[in-house]
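Spelled out from the first residue to the last, the chains are:
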Amino acid sequence: MRIYDPNPETLKALRGSNIELIVDIFKANLQGLTNDAAAANWVQTNIRAYSPDVKFRYIAVGNEVRPGDPEAKFVLPAMKSIQNAISSANLGDQIKVSTAIDTTLLGDSSPPSDGVFSAAASPYITPIVKFLAEKGAPLLANVYPYFSYTENRGVIDLGYALFTSPKVVVIDKNGKGYKNLFDAQVDSLYSALEKAGAPGLKVVVSESGWPSQGDQAATTDNARTYYRNLIGHVKDGTPKRPQGPIETFLFAMFDEDKKDGAAVEKHFGLFFPNKQPKYQLSFS
């Protein structure tokens with residue numbers, strides 16, 4: 001499970017559940033957590049107070065912070081301070097410190113072997129991925145074929161985005177064939193990491209989903225198809241990294257009916273706000 005802030009009631013509810021957890025730090029809090037004492041206090045209050053009853057897996061220091069954001073300069077210093085606090089608490093073997101990016105940091109992504117971080121993103125992300133490689137932590141990445149499809153209607157086939165294409169759609173110049181957009185996006189990130197000097201870094205897909213309302217392609221049938229096929233697909237690897245599974249988090253548990261922004265943003269849930277399931281999904 002991933003939660004986007006260390007809500008005490010949520011953490012109490014997860015005690016003894018054996019559910020492994022990503023917990024986020026809001027980007028508004030990053031500057032304060034560049035201070036080692038503040039980071040140690042954050043870890044004591046939000047991690048040590050619940051561990052080992054709550055099984056923390058990753059701490060995401062910021063979510064989708066872009067290079068042009070005013071908080072961007074605080075991401076890596078905050079990661080280092082949180083890492084120091086985790087290590088001082090003797091939790092470094094259990095909990096990895098990372099940050100979650102989105103695919104807008106890529107300057108080129110097609111074909112996947114051409115994946116590279118943009119000129120604007122490279123000075124921001126390169127020191128981060130080298131730090132992650134040094135600490136043996138993965139890069140968290142939010143991967144959304146839905147948005148790539150809707151931004152390129154008429155270019156990208158819907159079946160390629162939904163894992164329903166019966167044949168290879170993209171043949172990379174290295175000969176690898178791609179039947180779905182998810183694999184292509186993940187492998188574009190791996191290519192970018194290689195060029196950034198972190199060829200061994202693992203990518204964890206920290207969000208992926210498809211909305212059920214709010215756009216022509218956002219239907220209940222399409223969303224059900226995407227989630228079902230994604231669950232089945234990530235048990236294996238990608239063409240570039242065939243040794244699976246691909247650690248993947250579905251976005252999101254619930255529809256967010258009070259969320260600001262575009263209509264589709266309210267409808268990514270596997271459950272309605274009243275806790276009734278929208279789809280019948282199996283993880284077996």
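Residues numbered from 1 in each chain as written. Predicted model: local features only at pLDDT ≥ 70, side-chain atom pairs only at ≥ 80, totals over all residues. Heavy atoms only, no water.

Caption draft 1: Quick peek at the overall build of the protein. For the protein, the helix and strand inventory stands at eight helices and 11 strands. Counting only C-alpha atoms and orienting by the principal axes, one finds that the protein spans roughly 55 × 45 × 35 Å. In the protein, which comprises 284 residues, the share counted as buried stands at 49%. Partitioning the intrachain contacts of the protein with sequence separation of at least 6 by distance along the chain shows that 66% fall at a separation of at least 24. Of the roughly 13,100 Å² of accessible surface on the protein, a fraction of 49% belongs to carbon and sulfur atoms. Distance between charge centres in the protein, computed from 30 positive and 30 negative side chains, equals 3 Å. (Helix = DSSP H or I, 4+ residues; strand = E, 2+ residues; numbered from the N terminus. Buried < 20%, exposed > 50% of the residue type's maximum accessible area, 1.4 Å probe, protein only. Contact = heavy atoms within 4.5 Å. Areas by Shrake-Rupley, 256 points an atom, 1.4 Å probe, with all protein chains shown as cover. Lys, Arg positive; Asp, Glu negative; His and termini not counted. Charge placed at Lys NZ, Arg CZ, Asp CG, Glu CD.)

Caption draft 2: Broad picture of the packing of helix 2 (residues 36-48) against helix 3 (residues 72-88). Following both chains from N to C, one finds helix 2 and helix 3 inclined at 55°, their axes separated by 8 Å at the closest point. Our classification of the angle between helix 2 and helix 3 gives oblique. For the element pair helix 2 and helix 3, the recorded crossing hand is right-handed. Contacts between helix 2 and helix 3 involve D36, A39, A40, W42, V43 and I47 from the first element and S81, I82, N84, A85 and I86 from the second. Tallied by class, residues from the contact of helix 2 with helix 3 come to eight nonpolar, two polar and one charged. (Axes fitted to C-alpha atoms, helices over the stretch in contact; angles between N-to-C directions. Parallel < 35°, antiparallel > 145°, perpendicular 65-115°, else oblique. Left-handed = near helix turned anticlockwise from the far one by under 90°. Nonpolar A, V, L, I, M, F, W, Y, C, P; charged D, E, K, R; others polar.)

Caption draft 3: Here's a closer look at the layout of surface pockets. Its volume calculated, the second largest pocket comes out at about 150 Å³. In this structure, the second largest pocket is lined by 13 residues; those nearest its centre are Y190, K202, R241, Q243 and P245. In terms of residue class, the lining of the second largest pocket is built from five nonpolar, five polar and three charged. (1 Å grid on protein atoms, 1.4 Å probe; cavity = no way out; pocket = protein on both sides within 12 Å on 5 of 7 lines; lining within 4 Å. Points joined across faces, edges and corners; volume = space filled by probe spheres on them.)

Caption draft 4: Region of interest: the pairing of strand 4 (residues 96-102). Counting buried residues in strand 4 gives six out of seven residues, a clear majority hidden from the surface. The β-α-β motif built from strand 3 (residues 55-63), the intervening helix 3 and the parallel element strand 4 has right-handed crossover chirality. Sheet topology note: the strand 4/strand 7 (residues 139-142) ladder contains three bridges and is parallel. Counted as the bridge partner of I101 is A141 from strand 7. (Right-handed = clockwise from strand over helix to strand, strands pointing away. Pairing = 2+ DSSP bridges.)

Caption draft 5: Examining helix 7 (residues 181-195) more closely. In this model helix 7 runs 21 Å from its N-terminal to its C-terminal C-alpha over 15 residues, within 8% of the 21 Å that 1.5 Å per residue would give. Counting buried positions along helix 7 yields 13 of 15 residues, so the element is predominantly enclosed. The first or second residue beyond helix 7 is G197, which carries a positive phi of 90°. (Expected span 1.5 Å × (residues − 1).)

Caption draft 6: Geometry of the pattern of salt bridges. Under the criterion given, the structure shown has 17 salt bridges. A salt bridge links K240 to E194, with the shortest nitrogen-to-oxygen separation between them at 3.2 Å. Taken together, the residues K240 in the loop between helix 8 (220-233) and strand 11 (248-250) and E194 in helix 7 connect sequence positions 46 residues apart. Among the salt bridges present, the one from D221 reaches R224, with a minimum N-O distance of 2.8 Å. Residue D221 and its partner R224 are both found in helix 8; the two are separated by three residues, about one turn of the helix. Overlapping salt bridges, with partners in common, bring together E20, R57, K202 and E247 in one network. (Salt bridge = Lys/Arg side-chain N within 4 Å of Asp/Glu carboxyl O.)

Caption draft 7: Structural view of the environment of A37. With respect to the helices, strands and loops of the structure, A37 is situated in helix 2. Residues A37 and F131, spaced 94 residues apart in sequence, show a C-alpha to C-alpha distance of 21 Å.

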